[in-house]
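What follows is the residue order along each chain.
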Amino acid sequence: NILGERLVVSLFGEAFRPAGDAFRVLSWALALAFVTSPADNVIFSAERVQAFLPFFWLKVVVHVALDLLLIPRWSYMGASISTLASELLDFATHLYFIRRTLGWMPPFWGMGRDLLIPGLSMAAVMLLLPGQSALLNLLAGTVAYGAVLLPVWRRSRAVEAATRAYQYRD
């Protein structure tokens, strides 16, 4: 609760405090989009983009339908919930499609696990600097993220596993 409000107020001012709830929902949607993006790479590298298009259009239709249903009733919170639901559907369809067409699954957990510590370090730095400008918080958080991320990334077995997983398999 505090994180969303604090960040929104820091970035946009006190008048935008109510948007903190929407920010929290959209943060989950962004996290899902981040996890789903390697699946896009798998689909592209396997040259299966054309076959995936019906799943893409399903997400678009569901997102628009949810927007039409939820926004009139709940305004920006409805839009946030619609976005989160669409990202959940996108994640599920990516996993289903990859498993069905390629018969294997990339090591998403392995790829994301090693990024968890750097991400948490960035969040900690941003939370430990309350009252500072948003730009300073983002700069400090980015430095912390980079200082932890680069060494972890270089020795990560997840990169090797992802590279092997993305190679085209007949």
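Let me begin by describing the structure that accompanies this report. Every value quoted in this text rests on a predicted model; they were computed, and no experiment measured them. (Residues numbered from 1 in each chain as written. Predicted model: local features only at pLDDT ≥ 70, side-chain atom pairs only at ≥ 80, totals over all residues. Heavy atoms only, no water.)

Here's the deal with the packing of helix H2 (residues 20-45) against helix H3 (residues 49-102)
Between H2 and H3, whose axes approach to 10 Å, the crossing angle comes to 20°. Of the possible angle classes, the one that applies to H2 and H3 is roughly parallel. Handedness of the crossing formed by H2 with H3: left-handed. (Axes fitted to C-alpha atoms, helices over the stretch in contact; angles between N-to-C directions. Helix = DSSP H or I, 4+ residues; strand = E, 2+ residues; numbered from the N terminus. Parallel < 35°, antiparallel > 145°, perpendicular 65-115°, else oblique. Left-handed = near helix turned anticlockwise from the far one by under 90°.)

Concerning the environment of Gly78
Topologically, Gly78 is positioned in helix H3. Its relative accessible area of 0% is what places Gly78 among the buried residues. In this structure the C-alpha to C-alpha distance between Gly78 and Ala22, which are 56 residues apart in sequence, comes to 8.7 Å. Not counting chain neighbours up to four residues away, the residues in contact with Gly78 comprise Leu70 and Ile71. (Buried < 20%, exposed > 50% of the residue type's maximum accessible area, 1.4 Å probe, protein only. Contact = heavy atoms within 4.5 Å.)

A short note on a nonpolar patch on the surface
Residues Leu11, Phe12 and Phe16 make up a contiguous nonpolar surface patch of roughly 310 Å² in combined accessible area. Position of Phe12 among the secondary structure elements: in helix H1 (residues 2-12). (Patch = residues over 30% accessible without salt bridge, like charges linked within 9 Å, V, L, I, M, F, W, Y side chains within 5 Å. Areas by Shrake-Rupley, 256 points an atom, 1.4 Å probe, with all protein chains shown as cover. Salt bridge = Lys/Arg side-chain N within 4 Å of Asp/Glu carboxyl O.)

Points about the pattern of salt bridges
Under the counting rule described, the total for this entry stands at five salt bridges. Across the pair Arg24 and Asp21 runs a salt bridge, and its minimum N-O distance is 2.1 Å. Of this pair, Arg24 and Asp21 both sit in helix H2, three residues apart, which is roughly one turn of that helix. Note on Arg24: relative accessible area 22%, which makes it partly exposed. Residues Asp90 and Lys59 are paired through a salt bridge, measuring 3.7 Å at the closest nitrogen-oxygen approach. Overall, Asp90 belongs to the buried group, its relative accessible area being 10%. Each of the salt bridges in this network shares a partner with another, and the network as a whole consists of Glu5, Glu14 and Arg17.

With respect to the packing of aromatic side chains
Applying the stated criterion across every chain yields a total of six aromatic pairs. With a centroid separation of 5.1 Å and 70° between ring planes, the pair formed by Phe52 and Phe97 is classed as edge-to-face. The class of Phe52 is buried, set by a relative accessible area of 8%. (Phe/Tyr/Trp six-rings, centres within 6.5 Å; stacked < 30°, edge-to-face > 60°.)

Examining H3
Its 54 residues give H3 an end-to-end C-alpha distance of only 13 Å, which falls more than 12% under 80 Å, the value for a rise of 1.5 Å per residue. Of all the bends found along H3, the most pronounced is centred on Trp74 and spans about 150°. (Expected span 1.5 Å × (residues − 1). Bend = angle between axes of the 7 residues up to and from the residue.)

Quick notes on the side chain of Thr93
Structurally, Thr93 is set in helix H3. Ignoring sequence-local partners within four residues, the contact set of Thr93 consists of Phe52, Phe55 and Leu58.

As for unusual backbone geometry
Phi at Glu47 is positive, roughly 55°, even though this residue is not glycine. By the secondary structure assignment, Glu47 is in the loop between H2 and H3. On the basis of relative accessible area, Glu47 is assigned to the exposed category, the value being 69%. Even without a glycine there, the phi angle at Ser75 is positive, about 55°. Summarising the element assignment, Ser75 is placed in helix H3. Residue Ser75 is classed as partly exposed on the basis of its relative accessible area, which comes to 41%.

A short note on the environment of Val8
As for its position among the elements, Val8 is in helix H1. The class for Val8 is buried, based on a relative accessible area of 5%. On a C-alpha basis, the gap between Val8 and Ala22 in space is 9.9 Å, while along the polypeptide they are 14 residues apart. Apart from the residues lying within four places of it in its own chain, the contact partners of Val8 are Gly13, Phe16, Arg17, Ala19, Gly20 and Phe23.

These results come straight from atomic positions and should not be treated as a statement about function.
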